[in-house]
Every structure is written in C-alpha cells, then in structure tokens.
Amino acid sequence: MLSLLIGIVIICVVGAICFWAIDRFINESRLAGLLKLLVALLCLAAILQRVLPLAGINWL
C-alpha cells in the first residue's frame, strides 16, 4: 500500500513538473492548453493503472 502511495505521489510530482515546464517554455496558449490536457490525461491513466488492480479490475 505504501508503494502505491509513493508511486501516485511520484506521478503527481512529474505531472506538476511538466505543467511548470509547459507554462514556462510554451508561449502559444492553445498549444499550452492541449499539452496540459495531454499531461493530465496521461497522469490520470498512470494512476488508474496502479489503482484499478487493487479493486479487482484488470485494465491493461
């Protein structure tokens, strides 16, 4: 359980770093919004991939 929480925290930290990099280096707002959406979806998918097997749902 602890390794699950550590994994989720690592995913969130990497997502936050990506959000910061997008804000810092991407000047065009539409592209930045799309990239942020992509990062958020990838982080959500990574978290679900770790959590769903505990609920007995084999996703991938």
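Keep in mind that what you see is a predicted model, and the values were worked out from it rather than measured.

S.K.: Can you explain helix H2 (residues 29–51)? Please cite residues and give values.
M.R.: Taking 1.5 Å of rise per residue, 23 residues should cover 33 Å, and H2 covers 33 Å from first to last C-alpha, within 8% of that figure. The set of residues buried in H2 consists of Ala 32, Val 39 and Cys 43.

S.K.: Please set out the nonpolar core residue by residue, giving values where relevant.
M.R.: The nonpolar side chains of soluble globular proteins are, as a tendency, buried together. Among the nonpolar cores identified, the biggest contains five residues, and these are Ile 11, Ile 22, Ala 32, Val 39 and Cys 43. Among the elements of the structure, helix H1 (2–25) and H2 are those that each provide at least two residues to this core. Looking at which element gives the most residues to this core, the answer is H2, with three residues.

S.K.: Break down the packing of H1 against H2 for me, citing the residues and quoting the values.
M.R.: Where H1 contacts H2, the two axes come as close as 10 Å, and the packing angle between them is 175 degrees. By the angle between their axes, H1 is roughly antiparallel relative to H2. Facing Leu 4, Gly 7, Ile 8, Ile 11, Cys 12, Gly 15, Cys 18, Phe 19, Ile 22 and Asp 23 of H1, the residues of H2 in contact are Ala 32, Leu 35, Lys 36, Val 39, Ala 40, Cys 43, Ala 46, Ile 47, Arg 50 and Val 51. Class assignment for the residues of the contact of H1 with H2 results in 15 nonpolar, two polar and three charged.

S.K.: Please provide a residue-by-residue account of H1, values included.
M.R.: Taking 1.5 Å per residue, 24 residues should reach 34 Å; H1 reaches 35 Å between its end C-alpha atoms and fits that length. Those residues of H1 that fall on the buried side of the exposure criterion are Leu 4, Gly 7, Ile 8, Ile 11, Gly 15 and Ile 22. Buried residues belonging to H1 abut H2.

S.K.: So, the packing of aromatic side chains: which residues are in play, and what are the values?
M.R.: According to the stated counting rule, one finds one aromatic pair in the structure shown. With centroids separated by 6.2 Å and ring planes inclined at 80 degrees, the aromatic side chains of Trp 20 and Phe 25 adopt a geometry described as edge-to-face.

S.K.: Now, about the state of the cysteines: what can you tell me, with residues and values included?
M.R.: Tallied over the entire structure, the rule returns zero disulfides. Take Cys 18: it sits in no disulfide, and the sulfur closest to it among the cysteines is that of Cys 43, at 6.7 Å. By relative accessible area, which is 30% here, Cys 18 ends up partly exposed.

Reading the values: the criteria
- Sequence order as written defines the numbering, with residues in each chain counted from 1.
- Only residues with pLDDT of at least 70 get local features here, since the model is predicted, and only at 80 or more are side-chain atom pairs given and counted; chain-wide, interface and lining totals rely on the full set of residues.
- Processing note: side-chain calculations cover all non-hydrogen atoms of the structure and skip hydrogens and water entirely.
- In this text, helices come from DSSP runs of H or I with a minimum length of four residues, and strands from runs of E with a minimum of two, each type numbered from the N-terminal end.
- Take the residue count of a helix, subtract one, and multiply by 1.5 Å to get its expected span.
- Remark: exposure states derive from per-residue accessible area (1.4 Å probe, protein chains only) relative to the maximum for the residue type, with buried under 20%, exposed over 50%, and partly exposed in between.
- The criterion is simple. A nonpolar core is a set of buried Ala, Val, Leu, Ile, Met, Phe, Trp, Tyr and Cys residues joined through side-chain atoms within 4.5 Å.
- Axis lines are fitted to C-alpha atoms, over the contacting stretch for helices. Their N-to-C directions set the angle, which ranges from 0 to 180 degrees.
- Should an angle lie under 35 degrees it is considered roughly parallel, over 145 roughly antiparallel, and from 65 to 115 roughly perpendicular; all remaining angles are considered oblique.
- Contact definition: two residues touch when any of their heavy atoms are within 4.5 Å.
- Classification convention: Asp, Glu, Lys, Arg as charged; Ala, Val, Leu, Ile, Met, Phe, Trp, Tyr, Cys, Pro as nonpolar; all other residues, Gly among them, as polar.
- Stacked, tilted and edge-to-face are the three classes assigned to paired rings of Phe, Tyr and Trp, where Trp is represented by its six-membered ring and a pair needs centres within 6.5 Å; plane angles under 30 degrees give stacked, over 60 edge-to-face, the rest tilted.
- Here, a disulfide means two cysteine sulfur atoms that sit within 2.5 Å of each other.

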